[in-house]
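Listed below, chain by chain, are the residues.
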Amino acid sequence: MKTPILTSIAFIFLNLNFALASEPLKILSYVADPISILDENARLVEKRATKLLPKPAVDVQAYNEDLDLVLIKTSDGEELWLDTFEIKLNQGKAVNLDCYKLLQAGVKDEKEAATFGFGADCNK
Amino acid sequence: MKSVHKILLISGALLLSGCKTLDGAGRAIGNLTGSKLHNQFDGTYIAQSELKQYKEREDQLSGSGALLSYSGLNIPEQQVRKSHIVEAPELTDYMQNIVTSLMANWGGTSVKTKVQIINSQNFAPYADTYGTISVPLGTLENVESEDEIALLLAHELSHILLRHHERNDVMNAQKDKVTMLAKSVILANMVKDTKLVKSSGDYKLQYNASKQGQSNISKAALYNYLINGFSDSVWNTAWQRSQEDEADLLAMDLATAAGYAPRASSHNLQRLNDFQGKQDSILSKFWDQKTTALKTSVQELDLSGVSQQLDSFINEGMGTLVSATTDYFQRSHMSPDRRDVNIREYVLREYQPQSRQRVNKKTWQQLRDKKQNQDIFRGYRYAFAASSAISSGNLDEAEKLALQATSTSVRNQPGIREVMYDLRMAQNQSNKAKQNLALVNNWTHASPDFFEKKVDFEMQQHNYQQVLQFIELAESTFGNKSMFIVQKSVALANLQHIDQAISALKECQSYEAEKPTCEILLKQLEQS
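Nothing here was measured: the structure is a model prediction, and the numbers come from that model. (Residues numbered from 1 in each chain as written. Chains lettered and ligands numbered in written order. Predicted model: local features only at pLDDT ≥ 70, side-chain atom pairs only at ≥ 80, totals over all residues.)

1. Quick notes on the overall build of chain A
Looking only at helices and strands, one finds two helices and nine strands in chain A. Secondary structure elements of chain A occur, N-terminal to C-terminal, as α-β-β-β-β-β-β-β-β-α-β. Across the 124 residues in chain A, those meeting the buried criterion constitute 34%. Partitioning the intrachain contacts of chain A with sequence separation of at least 6 by distance along the chain shows that 55% fall at a separation of at least 24. (Helix = DSSP H or I, 4+ residues; strand = E, 2+ residues; numbered from the N terminus. Buried ≥ 20, exposed ≤ 12 C-beta atoms within 10 Å, placed from the backbone. Contact = placed C-beta atoms within 7 Å.)

2. A look at the pairing of strand S7 (residues 79–83) of chain A
Residue and element names in this part refer to chain A. Within S7, four of the five residues are buried, which leaves it mostly tucked inside the rest of the structure. Pairing of strand S2 (residues 35–38) with S7, which is carried by two bridges, proceeds in the antiparallel orientation. Note on S7: the bridge partner recorded for Ile37 is Leu82. As paired strands, strand S6 (residues 69–73) and S7 are joined by five bridges and run antiparallel to one another. Bridge assignment links Lys73 to a residue of S7, and that residue is Glu79. Counting the residues between successive antiparallel strands, the hairpin from S6 to S7 contains five residues, one of them, Gly77, with a positive phi of roughly 85°. (Pairing = 2+ DSSP bridges.)

3. Quick look at the domain arrangement of chain B
For chain B, the assigned domains are domain 1 (2–168) and domain 2 (445–528). Listed as interface residues are 14 residues of domain 1 of chain B and, on the opposing side, 13 residues of domain 2 of chain B. (Domains from an automatic or database assignment.)

4. Structural notes on the sheet that holds strand S3 (residues 126–127) of chain B
As summarised here, the arrangement of the five strands in space is S9(A)-S3(B)-S4(B)-S2(B)-S1(B), forming an open sheet in which the pairing is mixed. The sheet is open, and its two edges are formed by strand S9 (116–117) of chain A together with strand S1 (85–86) of chain B, each paired on a single side. Across five bridges, the pairing between strand S2 (residues 114–118) of chain B and strand S4 (residues 132–136) of chain B is parallel. Across the sheet, the residue bridging to Gln116 of chain B is Ser134 of chain B, located in S4 of chain B.

5. Things to note about the nonpolar core
Of all hydrophobic cores here, the largest spans 114 residues; its most connected members are Leu102, Ala150, Leu153, Leu157 and Ala386 of chain B. Contacts of Leu157 of chain B, omitting those with residues within four sequence positions, involve Val99, Leu102, Met103, Thr113, Ile133 and Leu254 of chain B. Counting 14 residues, the second largest nonpolar core, distinct from the first, contains Ile35, Val70, Leu80 and Ile87 of chain A. (Core = buried A, V, L, I, M, F, W, Y, C linked by C-beta atoms within 7 Å.)

6. A look at unusual backbone geometry
Each neighbour pair has its own omega, and for Asp33 of chain A with Pro34 of chain A the value is 5°, a cis peptide bond. Its location among the elements puts Pro34 of chain A in the loop between strand S1 (26–30) and S2. Here the amide bond leading from Pro56 of chain A into Ala57 of chain A is cis, since omega sits at 5°, within 30 degrees of zero. Residue placement: Ala57 of chain A occurs in the loop between strand S3 (44–48) and strand S4 (58–59). With a phi angle near 70°, Ala42 of chain A is a residue other than glycine that sits in the positive phi range. Along the chain, Ala42 of chain A turns up in the loop between S2 and S3. Given 17 C-beta atoms within a 10 Å radius, Ala42 of chain A is considered partly exposed. Of note in the backbone geometry, Asn428 of chain B takes a positive phi value of approximately 60° without being a glycine. For Asn428 of chain B, a count of 8 C-beta atoms within 10 Å gives the class exposed.

7. Points about the packing of helix H24 (residues 485–494) of chain B against helix H26 (residues 515–527) of chain B
Residue and element names in this part refer to chain B. It is the contact of H24 with H26, at a shortest axis distance of 10 Å, that shows an interaxial angle of 15°. Classed by the angle they form, the pair H24 and H26 counts as roughly parallel. Between H24 and H26 lies a crossing whose hand is left-handed. When H24 is examined against H26, the residues Val486, Ser489 and Ala493 are found in contact with a partner set consisting of Thr517, Cys518, Leu521 and Leu525. Taken together, the residues of the contact of H24 with H26 sort by class into five nonpolar, two polar and no charged. (Axes fitted to C-alpha atoms, helices over the stretch in contact; angles between N-to-C directions. Parallel < 35°, antiparallel > 145°, perpendicular 65-115°, else oblique. Left-handed = near helix turned anticlockwise from the far one by under 90°. Nonpolar A, V, L, I, M, F, W, Y, C, P; charged D, E, K, R; others polar.)

Below, the structure written as structure tokens:
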């Protein structure tokens, strides 16, 4: 009896905190220039011009979600930790129930007119 | 061309003089052209002199503490809360305290606010004109840190502090004046090119349109056409988007000053991007491919250029892009992706040291994971799934899910009881459905839809006294008298309070949606 209930709940509230799709994590662009080069504990090591870094898209070697760090490798094999706040990644934080699933679930969910919100309605 | 711009600005200033709430209209044009608000000033946004006017206020919102209720207000039906309120005192107090700490950094008159959690799986909180900040359960289900919550609340608080609702109302009221503005440009140019000349002994006013004058007139006419033609879909949304930009920046200032990590804003916008889905890719494509020319045209107010650009979209027959164009212009918010980049640039400029601060996940997760709070989330999650099962006709599955929802501590909250009510009605068990109405622990937290179900149910049972009691409760809960005025009139008439029924029906005639029904009833009642 428990299985179908759990299945329904799991289907609707699929808990994905980070949008880990099938494609690997990549840096799409550098937001800061110069950019902070950090150590693995998120301490600042130096600032470096982005022209000295690999040209995006850059494959991410490792990801530390707690410290918001990604590890990349330069062409000469140097390993660098970067702050995710200073780069744009191809994947980001996610929600467990997006607009599409919300509409698909068939449950009425609307907000009143004349309000200002953080985002637009699902149908906007 | 520049003189038209000048005349428009001067005429605009004359027409709108004394109306400070329209500040930012210029920025709306900037927003339309894709320019970034944070690049238009130095220093922090909160320190800008234009914000001084919002820091001192004396109105119904000024003061400290929380708003108590909507009772006594006259809120239009479309602005009334649509969702159930979720009773979760610990979570609500927690967020109200965050708002208080954010407000402490405003440096101006405090405003009364009320944070409420609503039964919605949407991700984005919102604020109304009365100082209420509604936080959907969907927000709390998804955020990971107090910093994220603080940035979201700060954004909503910023709308209230910057009086965006009020400014929006004024903006809408100015729509008609746009036509007048364009006409005044046309007249001004005609006057400029009209000379008093003597002809055959008589003086005549002779109009010889100069090249410049003609050009100004045609541009003003075009401006008028563009503004009116695209008023709703272009200008008004550009205006709203510029207000969102302002709220993003002020939120960052307030939250950073309160000690929260700026990067939480980025987390929120990434989640919003994920929530809103795939719309952005089409829009980005449009933006990247087509806006350069449009941007230049609007920046220079070369309106024929704008028109040509818009025409070319259509002439190229790009169905998708044309609808994307409309879609883009109709969106009240810039894409989360772009907002994220903008706000990160601002943080790296103004809050470099704080930009390295990591979010604090511990406080929020400890609170969220407390047994009683988990129970609340679980109850509403099951209720949502049950509701979804009812809508797809899977009543067996819905029954199991709904029973799980009623095994939690929130079992008698309106959001849970409504699902049970709907389920029993779908199962043709109206007596059992009725029991769920009686079990609701607090009707002031119910949605208008659920109130309506209750009122309709009592009407069917001819319990008119009960109907009136519930309508009175709904009126004070939502601050609205139009929603149930038809049922109220019928109940009064059935209780033989004919004068009161007639009076209610006369009042009803001022409400557009209900007017036709009330007119028929009034006629019948007056004939009886």
